[in-house]
Amino acid sequence: MEAKAKKRAARKRSNGQGTKAKSSETVGKKVTVPQVEMLDIGLVSPDPAQPRKTFDEQSLQHLAQSIAEHGVLQPITVRKSGKGFIVVMGERRYRASKLAGLTTIPAMVREYADSEILEVQIIENLQRKDVEPTEEAEAIQYLLDHYEPSEIAKRLGRSENYIRQRIKLAGLIEGFKAFVRSGEMTLSLGVAVALFEPGEQQLMLESLEGDFQVHRIKRMIDSRTFDLTKACFDVTDKTLVPKAGACNVCPFNAANQGNLFGQGKMVCTRTACFENKKTKTFMQLLKRVKKEGLKLIPDINKYWVDEEHNQWVMAQMEKQGLEVHLTDGLDILKEPVKPTMESIKEEHRHFEHSEEELGEFLREALESFTEEKEGWDNAEDHGFEKGIFLHTDTYRTEAIFVRPREEVQSGSPGARPLENRKMAECTPEEQIVKINARELRKKQIESNRQFKEVVEMVRETDYIDRKKALSTDEMVAISISLFENNIGWEDQREHFAGFFGDDHNLSNEELVARFKTNFKKETFHKLLRFLLTRQVHLGESNHTNDLTNQSFYVAMQSFYKDKISGIEETYVESRKKREARIKERLATLEQQAKAIED
């Protein structure tokens, strides 16, 4: 970057001197304007060094038809080369003219220094509307050797952030550029991948094995990028890793590369450096804890004590002479956060609650906060001591109060529950039980992660836009989802007794398979109709001002028109009587008002 800056500065100085010299030479002289000439098209050749590589054949054919009918409306620009001419600007018009069978073409002959030709062609190409993004990126990258991004932006009529994103896109390796050209990869995703160094990009590309998958690329990006606002270290500290310097001014911080993740969002794209700073911060924390005599509690429970990274964390603590405590055997108090109406709304954002209901939730939350705050303020009076809670994945910390959890002791380790005992305190048979329990828990966690990944992959496809009718499997899935998530226990018993049949001794897989075998569309329709009757809005949000209620009212007319008409007539009659009384009352008041005026 420094070399490029010096090169641009040198170019500016030479350009300035050249401009002054030319100005002194042309004082008092008439400037010659190139005239349009009709050149033999056979003497004109395309420039082999032309930066534009792609020409849309269909678009060329359309232009050729237009030129055959109306001629070339804008002359091309050429330069002299031996006995012929080479196109500088207008190669697309030149190609279309040859397709149209023209023998001559209007052109302006200009003289260019060799160093100017490529720059002129690049700028002319970049001002087109249909420029291919990766070609545009490579062209802008060339201009970066001569101009600052802000200058390029002015010349092309683009924002500086747009230019910076294209500069970053130029760093995409060829394999990913092919995905951008084919339209499989969006520009934003391409820019995100281009944040990584070529070697890292190559590893990502090879892991795809030639099969472009958006969700896999996004997952790889997520695992290699880090939100610096959540870092466990001070991003302005330039002494933590002196060679790397401070993160807030680092070129691998996305905020310094054109706000690629959003305005001012600081995202680190250099995995090794970030992890190095994390580890150094952790080691510094261990030394501080030992020096100050604090209790450090890593976020590790009995299920994850054997996980490789957690084992490493505990080993580092033991090297510093620190005692390791698992969270299962501790009472931990974290400083409570005072709730606000904004936090309550966020917590209940998926539900329709009135302002009155939200206010009630806030009052309850504030009462709980008051109790928790009192416990926090008086923690040391109840046997708690100050400590530091360590999140082992991020190394972020928070202040806590901690004390050993009370257990009934009867003299021997075996008297305590098995899950609260360490391996060394267990018999071989008990160790087998503990190992199997941990493995079962790990399988459950892996299963959850696998399911989440499948769901995220499906959400990124065009599944919801499919035009086909619902399949039986989809209706089965929707029916079970509606039954379990939208229908209360009482309504399940009253309206959907025997929904799953006898489900004793059946696994989830067996239960779903049997439900599918016995599935009837009537069940699906019954669920939808039940929900239709329950998800209307009563009270002030009635059918005259609510789309949900209005559509329900219309739908029920085809089933219960006579009964609805009877209800309506009752209300109409009552309304007429009320309006008649109001009319009489108003007439009396009007007479009284008139009498007062007289």
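This section reports on the structure supplied with the text.

Each value, and the rule that gives it
- Residues numbered from 1 in each chain as written.
- Predicted model: local features only at pLDDT ≥ 70, side-chain atom pairs only at ≥ 80, totals over all residues.
- Heavy atoms only, no water.
- Axes fitted to C-alpha atoms, helices over the stretch in contact; angles between N-to-C directions.
- Helix = DSSP H or I, 4+ residues; strand = E, 2+ residues; numbered from the N terminus.
- Left-handed = near helix turned anticlockwise from the far one by under 90°.
- Contact = heavy atoms within 4.5 Å.
- Nonpolar A, V, L, I, M, F, W, Y, C, P; charged D, E, K, R; others polar.
- Patch = residues over 30% accessible without salt bridge, like charges linked within 9 Å, V, L, I, M, F, W, Y side chains within 5 Å.
- Areas by Shrake-Rupley, 256 points an atom, 1.4 Å probe, with all protein chains shown as cover.
- Salt bridge = Lys/Arg side-chain N within 4 Å of Asp/Glu carboxyl O.
- Lys, Arg positive; Asp, Glu negative; His and termini not counted.
- Charge placed at Lys NZ, Arg CZ, Asp CG, Glu CD.
- Buried < 20%, exposed > 50% of the residue type's maximum accessible area, 1.4 Å probe, protein only.
- Core = buried A, V, L, I, M, F, W, Y, C linked by side-chain atoms within 4.5 Å.
- Pairing = 2+ DSSP bridges.
- Phe/Tyr/Trp six-rings, centres within 6.5 Å; stacked < 30°, edge-to-face > 60°.
- Lys NZ or Arg CZ within 6 Å of the ring centre and 35° of its normal.

### Overview of the packing of helix α7 (residues 160-169) against helix α9 (residues 187-194)
Next, step 1: Direction vectors running N to C along α7 and α9 enclose 60°, while the axes themselves pass 8 Å from each other. Crossing handedness for the pair α7 and α9: left-handed. Counted together, Q165, R166, K168 and L169 of α7 and L187, G190, V191 and A194 of α9 form the full contact between these two elements.
Next, step 2: Of the residues assigned to the contact of α7 with α9, the class counts are four nonpolar, two polar and two charged.

### Overview of a negative patch on the surface
Next, step 1: On the surface, E364, E367, E371, E372 and E374 cluster together to form a negatively charged patch.
Next, step 2: Within the secondary structure layout, E372 lies in helix α15 (residues 355-377).
Next, step 3: The exposure class of E372 is partly exposed, given its relative accessible area of 48%.

### Considerations on a nonpolar patch on the surface
Next, step 1: A contiguous nonpolar surface patch, about 370 Å² in accessible area, is contributed by V454, V458, Y463 and I464.
Next, step 2: In this structure, I464 sits in the loop between α16 (428-459) and α17 (472-486).

### Focus: the nonpolar core
Next, step 1: Grouped together as the largest cluster of nonpolar side chains are 26 residues, with contacts concentrated most on F233, F274, L296, M317 and L390.
Next, step 2: Broken down by element, the residue count for this core peaks at five residues, all from helix α12 (residues 271-292).
Next, step 3: Other than its neighbours up to four places away in sequence, F233 contacts L240, C247, F274, K277, K278 and T281.
Next, step 4: Counting 22 residues, the second-largest nonpolar core is a separate cluster that includes V180, L189, A194 and F196.

### Comments concerning the packing of α9 against helix α11 (residues 214-224)
Next, step 1: Orientation of α9 relative to α11, taken along the N-to-C sense of each, is 40°, at an axis distance of 10 Å. By crossing handedness, the relation of α9 to α11 is classed as left-handed. Across from L189, A192 and V193 in α9, the residues of α11 making contact are V214, I217, K218 and I221.
Next, step 2: Residue composition of the contact of α9 with α11, by class: six nonpolar, no polar and one charged.

### Let's talk about the sheet that holds strand β8 (residues 295-298)
Next, step 1: Read from one edge of the open sheet, four strands run β8-β10-β11-β9, paired in mixed fashion. Only two strands of the sheet have a single neighbouring strand rather than two, namely β8 and β9 (330-334). Ignoring strand direction, the axes of neighbouring strands in this sheet form an average angle of 40°.
Next, step 2: With six bridges connecting them, strand β10 (residues 385-390) and strand β11 (residues 397-404) associate as antiparallel partners. Looking across to β11, one finds that F389 is bridged to E398.

### Concerning the sheet that holds strand β2 (residues 44-45)
Next, step 1: Spatially, the five strands line up as an open sheet ordered β1-β5-β3-β4-β2, and their pairing is mixed. Edge positions in the open sheet fall to β1 (36-40) and β2, since each of these has one partner strand only.

### Here's the deal with the side chain of T281
Next, step 1: When you line up the elements, T281 lands in helix α12.
Next, step 2: A residue is classified by how much of its surface remains accessible, and T281, at 15% relative accessible area, is buried.
Next, step 3: Excluding residues that lie within four positions of it along the chain, T281 makes contacts with C232, F233 and L240.

### Side note on the packing of aromatic side chains
Next, step 1: One pass over the structure, following the stated rule, counts 17 aromatic pairs.
Next, step 2: Taken together, a centroid distance of 4.2 Å and an interplanar angle of 5° make the contact between F226 and F274 stacked. A residue pair is termed long-range when its members are at least 10 positions apart, and F226 in strand β6 (residues 226-227) and F274 in helix α12 qualify at 48 residues. With respect to burial, F226 and F274 carry one shared label: buried.
Next, step 3: Each ring, one from F559 and one from Y560, has its centre 6.2 Å from the other, and the planes form 40°; the classification is tilted.
Next, step 4: On the basis of relative accessible area, Y560 is assigned to the partly exposed category, the value being 45%.
Next, step 5: Ring pairing ties together the aromatic residues F483, F496, F499, F500, F515, F519 and F530, which thus form one cluster.
Next, step 6: Above the face of the F85 ring, K80 is positioned so that its terminal group lies 4.7 Å from the ring centre.
Next, step 7: The ring centre of Y162 lies 4.4 Å from the NZ or CZ of R158, which sits over that ring.

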